[in-house]
Amino acid sequence: MKTKASPLVSPCLESTRCYLTCASRDVRLSCNSSAKVCTKNNLADSCSNINEEWSIIPMEDGLVALYSLKTKRYLSAGAGECHIAAVEGCDSDQQRWKVEPSSAVKGGIHLLSAARKQSKLACNEDGELNLSENIYEGLGETWRIEFLSGELCYLSSQNPHHDVRVRCDPTGILDVSENWKGWEVFRFIEAGDGSVYISSWTHSKYFLSSNSDGRVAARKKRTADEKWLVKKSKDQPGVLIISQQHGKALATNGTRLITMDPFDILASGDGGDVDDGDSKKYFSGLWDLVAGNKNTFFVASNSSGKCIGSSPCKKAGPSDAIMTNKRKAWQQWTLSETDDGSITLKSSAHNLYIGVDKSNKVTLNQNAGPNEMWSLEESPHGGIYLISDEHRVCLSCNESGVLGAVSGKDGAEETWTLVRSMSSSLSEPWWDLGLLPLLLHVPLHSW
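Residues numbered from 1 in each chain as written. Predicted model: local features only at pLDDT ≥ 70, side-chain atom pairs only at ≥ 80, totals over all residues. Heavy atoms only, no water.

### Quick look at the overall build of the protein
Turning to step 1, where the next piece is worked out: When you go through the protein residue by residue, the secondary structure sums to two helices and 40 strands.
Turning to step 2, where the next piece is worked out: Relative to all contacts within the protein whose residues are 6 or more apart in sequence, the contacts with residues 24 or more apart total 52%.
Turning to step 3, where the next piece is worked out: Here the protein displays about 21100 Å² of accessible surface, and carbon together with sulfur accounts for 47% of that area. (Helix = DSSP H or I, 4+ residues; strand = E, 2+ residues; numbered from the N terminus. Contact = heavy atoms within 4.5 Å. Areas by Shrake-Rupley, 256 points an atom, 1.4 Å probe, with all protein chains shown as cover.)

Listed below in structure tokens is the structure:
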């Protein structure tokens, strides 16, 4: 049966990190090591400052919590007008905020306290924070969001003769590579005007940049030269990566990067001859945006904490799946979707598919037949159910790590978490977050 990469899990999204800047004074919301919430005027500093980094955490009823990455505390609105603090817990309306658009600045927002319904987080002329009940939409109550996180992708050339990815090394040198590793992963960050900034994920201070002459480089800046438009080609597979400032599209000849007229790329079917000194070389400018984890996951049991592993199939029949505490190549699984919407889980190391037979035994097979087709459903226990399409049983693992399949959906033993598997140079703790929002609620990629 033909399978394809599953659109259900294609976005490789980071947890939201951002700066919050007051529109009236261009100062950032900050929380120092003493957990004091204040504002800082360091916008000219090209280096990031973790004191000003906040994570936006969705809560119930459309509210959010603002989490300081420096202090691991939550922004809290106290009882007094000027009492803005950072506290350890997030268990009351004082730590919850409603985000509303502001008409004072394009793209600006208001942060309204859930505990004090009409009070907005504000900054006065002296840079001091307070809760304002001003009914007018002033700059002091308006904040701009500058995103630091985004979607992780490989920029892979569509041209079959140029099987290469864009790469950024630790010194900021851009080139292309045949690898699928950490240096080839890039972060696409929303700029707020329909464009994106594209930064190296491993070397995050470097941003993809171009000039009017078609030169491409990595720079430690976020200016107009670093803004890009991602446009899907109407008649051909792939996307164009176009400089918003200069109108030229990213292209490669398999050895280096330039920008060129996007009309030349589309008119010739992919690219065109470009004068390259003493010779002309063919450049292609259509790209695949491949998820940073290539749809590869560890499948972890919520009950035992162990992951499903595979072993080499040394006989013609099915091989048994195993549970293990390790997270190595044998525990990595690629999720793909069949033409009829079923999901397959294929071992990245051994090319074997997880299945279940008529006796409810979990198996590994070299081919994906009816027994290897699965559906994903939301579990109320903080994860997903993996349900056999053929036998309507749930994949299960008890606290002792015994793997099986059962007819009911009773609790944690039938609940699983998909943990993204990234190149070792990219490992960060947040990848252990449950990915149910991506699997069930995030719209398909719009590019």
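### Digging into the state of the cysteines
Turning to step 1, where the next piece is worked out: Applying the stated criterion across every chain, the model contains zero disulfides.
Turning to step 2, where the next piece is worked out: Unpaired in this structure, C307 has its nearest cysteine sulfur neighbour in C397, at a distance of 9.9 Å.
Turning to step 3, where the next piece is worked out: Judged by relative accessible area, C307 falls into the buried class, the value being 1%. (Disulfide = S-S within 2.5 Å. Buried < 20%, exposed > 50% of the residue type's maximum accessible area, 1.4 Å probe, protein only.)

### Thoughts on the side chain of R187
Turning to step 1, where the next piece is worked out: Tracing the sequence through the fold places R187 in strand β17 (residues 185–190).
Turning to step 2, where the next piece is worked out: A polar atom in the side chain of R187 sits 2.6 Å from the side chain of E14. (Polar contact = N/O pair within 3.5 Å; in protein donor to acceptor, adjacent residues only side chain to side chain.)

### Quick look at the packing of aromatic side chains
Turning to step 1, where the next piece is worked out: For the structure shown, the criterion picks out three aromatic pairs.
Turning to step 2, where the next piece is worked out: Each ring, one from Y67 and one from Y74, has its centre 5.0 Å from the other, and the planes form 55 degrees; the classification is tilted.
Turning to step 3, where the next piece is worked out: Residue classification places Y74 among the buried residues on the basis of a relative accessible area of 17%.
Turning to step 4, where the next piece is worked out: Consider the rings of Y154 and W180, whose centres lie 4.9 Å apart with planes at 70 degrees: the pair is edge-to-face. In this pair, Y154 sits in strand β14 (residues 151–157) while W180 sits in the loop between β16 (174–177) and β17, placing the two residues 26 residues apart along the sequence. (Phe/Tyr/Trp six-rings, centres within 6.5 Å; stacked < 30°, edge-to-face > 60°.)

### Comments concerning the environment of D288
Turning to step 1, where the next piece is worked out: Inspection of the secondary structure puts D288 in strand β27 (residues 287–291).
Turning to step 2, where the next piece is worked out: Judged by relative accessible area, D288 falls into the partly exposed class, the value being 31%.
Turning to step 3, where the next piece is worked out: Placed 49 residues apart in sequence, D288 and V239 show a C-alpha to C-alpha distance of 6.5 Å.
Turning to step 4, where the next piece is worked out: The contact partners of D288, leaving out residues within four places of it in the chain, are Y154, L155, S156, Q158 and G238.
Turning to step 5, where the next piece is worked out: Side chain to side chain, D288 and Q158 meet in a polar contact 2.7 Å long.

### Notes on the pairing of strand β38 (residues 394–397)
When a strand is regular, its side chains alternate between the sheet's two faces.
Turning to step 1, where the next piece is worked out: Residues C394 and S396 line one face of β38 and the alternating positions L395 and C397 line the opposite face, and both faces are buried.
Turning to step 2, where the next piece is worked out: Of the strand pairs in this sheet, β38 and strand β39 (residues 403–406) are connected by four bridges, and their pairing is antiparallel. Paired with L395 across the two strands is A405, which belongs to β39.
Turning to step 3, where the next piece is worked out: In this structure, the hairpin formed by β38 and β39 is closed by a connection of five residues, where G401 is found at a positive phi of approximately 90 degrees. (Pairing = 2+ DSSP bridges.)

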